[in-house]
Amino acid sequence: MRLLIKNIGTLAGILPADVLCLRGSEMNSAEQLHNAYLVAEDGIIARYGSMEELGEEEADEVVDAEGRVVFPAFCDSHSHIVYAGSREGEFRDKIAGMTYEEVAARGGGILNSADRLAEASEEELYEAAAKRAWRMIRSGAATLEIKSGYGLTLESELKMLRVARRLQQTLPATIKATFLGAHAVGRAFKGRQSDYVRHVCEDMIPAVAEQGIAEFVDVFCDRGFFTPEETAEILERGKRYGLRPKIHANELASSGGVQVGIRYGALSVDHLEEANEQDVKDLAASDTIPTVLPGASFFSNLPFAPARAMIEAGLPVAIASDCNPGSSPSGNMMFLWSLGCIKMRLTPEEALSALTINGAAALGLSADRGAISVGRRADLVVSKPVPSLAYLPYSFGEELVEHTIIGGKII
Ligand code: NIG
Ligand code: FE
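An account of the accompanying structure is given in this report. Here the structure is a predicted model, which means the values were calculated and not measured. (Residues numbered from 1 in each chain as written. Chains lettered and ligands numbered in written order. Predicted model: local features only at pLDDT ≥ 70, side-chain atom pairs only at ≥ 80, totals over all residues. Heavy atoms only, no water.)

Two modes of strand pairing occur in sheets, parallel and antiparallel, and in both the strands are linked by backbone hydrogen bonds. If you trace the eight strands from one edge of the open sheet to the other, you get β6-β7-β8-β9-β10-β11-β12-β13, paired in parallel fashion. Each edge of the sheet is formed by a strand with only one pairing partner; in this case those strands are β6 (74-76) and β13 (318-319). Both β6 and strand β7 (residues 141-147) contribute to a ladder of three bridges, which runs parallel. Looking across to β7, one finds that Asp76 is bridged to Leu144. (Pairing = 2+ DSSP bridges. Helix = DSSP H or I, 4+ residues; strand = E, 2+ residues; numbered from the N terminus.)

Quick look at the structure:
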């Protein structure tokens, strides 16, 4: 199967095949070609170049991308799209002035979603999550991470992860699953947080590992949720069972989450709205990828993570959606591109690197995706006609994705 995309206005996100992530000033460095073509064979990028170099080319499918931008499909490395119901009642409460922590403290928030999830059938959960995933795919994502964490009982956590596995089997996107049993203390353990942590370590992690239904282990390490000590215990146990750490840290306070993540070799530490100078310094001395979630800052009225300072410090910043019913109910990576530019002061090119190659790196997948390189997967976005690359984040909210291409197939 050969796909030819011709007359491409701008082909963006071109990198050498051996570049696995972009750090600091490199985030601006991916190459662009104008008036270009790209050929994918059996789902892999076979060649690309300027239209003048394109000879006679037989293809099974031809896309004319005149006046359009073609770029690597988004890799959304942090989402919670398996959930039941929605939480617009809390949205009203937040408009009236309540904070995320106040909503959680009165038993709403994550526990509210856990109550609904317990009542939902696996089929209902699958249908709702598949709809969300399709929306994300249509808005340009080809790789998605999905977390558990609205189960908070062994049975419901496994139910969520089975839904994620069914999504892996039925959707065209690549889907990676993360076990987040320590998202909040389950209702049955109210007032017994350390017993819940023991339950996560001794019962949930072994069951998840035995069934092989998650690759990563996550903890909501933050003020009012899990401490760095509890996080260490869970990560230690997860690692022993082959689950790689990838954690929530410093959303509500600089509470030691970054350091515990680094200590346990986390692939990424995510959120970082409250990351301070020391956190940035410690990240610069590590291989852990800082993943920022501007949708959560926007929706929850939190500070934006200091992504600009992280880039100045030479870090490989990733941007992900955090799509979830409480703090960021959108998985639209095009909008996050705008937020990265507008609210975090990233250039359009830096933000694109954060949404593609660095997002892929935050899932350990960047060897075969996240950039335009010969040999990488042909996971691509073809935009609608636009004057330039910068128009894409500039014209926020406009529907600008014409095609998402996954593995060389137009979706
Ligand atoms: O990443 N911060 C923790 N977890 C989610 C929100 C969960 C919820 O409120 O349902 C997040 O923002
Ligand atoms: Fe999250």
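From this point, the discussion proceeds with the structure in view.
What follows concerns the coordination of the iron ion (ligand 2). At this site the iron ion (ligand 2) is bound by His78 (NE2), His80 (NE2), His248 (NE2) and Asp322 (OD), with donor distances of 2.1 to 2.2 Å. Its relative accessible area of 3% is what places His248 among the buried residues. (Donors = N, O, S within 2.8 Å, 3.2 Å for Na, K, Ca; no water. Buried < 20%, exposed > 50% of the residue type's maximum accessible area, 1.4 Å probe, protein only.)

On to the site of ligand 1. The full set close to ligand 1 counts 15 residues, and Tyr100, Tyr150, His183, Glu251 and Ser327 are the nearest of them. The side chain of His183 places a nitrogen or oxygen atom 2.7 Å from a nitrogen atom of ligand 1. The separation between an oxygen atom of ligand 1 and a polar side-chain atom of Ser327 is 2.5 Å. Protein burial of ligand 1: of its 330 Å² of free accessible surface, 100% is covered by the chains. More than half of the atoms belonging to ligand 1 lie within 2 Å of the grid points that define the second largest cavity. Considering only residue class, the shell around ligand 1 consists of four nonpolar, eight polar and three charged. (Near = heavy atom within 4 Å. Polar contact = N/O pair within 3.5 Å; in protein donor to acceptor, adjacent residues only side chain to side chain. Areas by Shrake-Rupley, 256 points an atom, 1.4 Å probe, with all protein chains shown as cover. 1 Å grid on protein atoms, 1.4 Å probe; cavity = no way out; pocket = protein on both sides within 12 Å on 5 of 7 lines; lining within 4 Å. Sits in = over half its atoms within 2 Å of the grid points. Nonpolar A, V, L, I, M, F, W, Y, C, P; charged D, E, K, R; others polar.)

Attention shifts here to the environment of Arg198. Looking at the element boundaries, Arg198 is found in helix α6 (residues 193-211). Sequence separation of Arg198 and Ile234 is 36 residues, and the distance between their C-alpha atoms is 8.5 Å.

Tallied over the entire structure, the rule returns three cavities of 30 Å³ or more. Counted as a void, the largest cavity has a volume near 100 Å³. Mapped onto the lining of the largest cavity, the elements with two or more residues apiece are β1 (2-14) and α13 (348-355). In terms of residue count, α13 provides more of the lining of the largest cavity than any other element does, three residues in total. (Points joined across faces, edges and corners; volume = space filled by probe spheres on them.)

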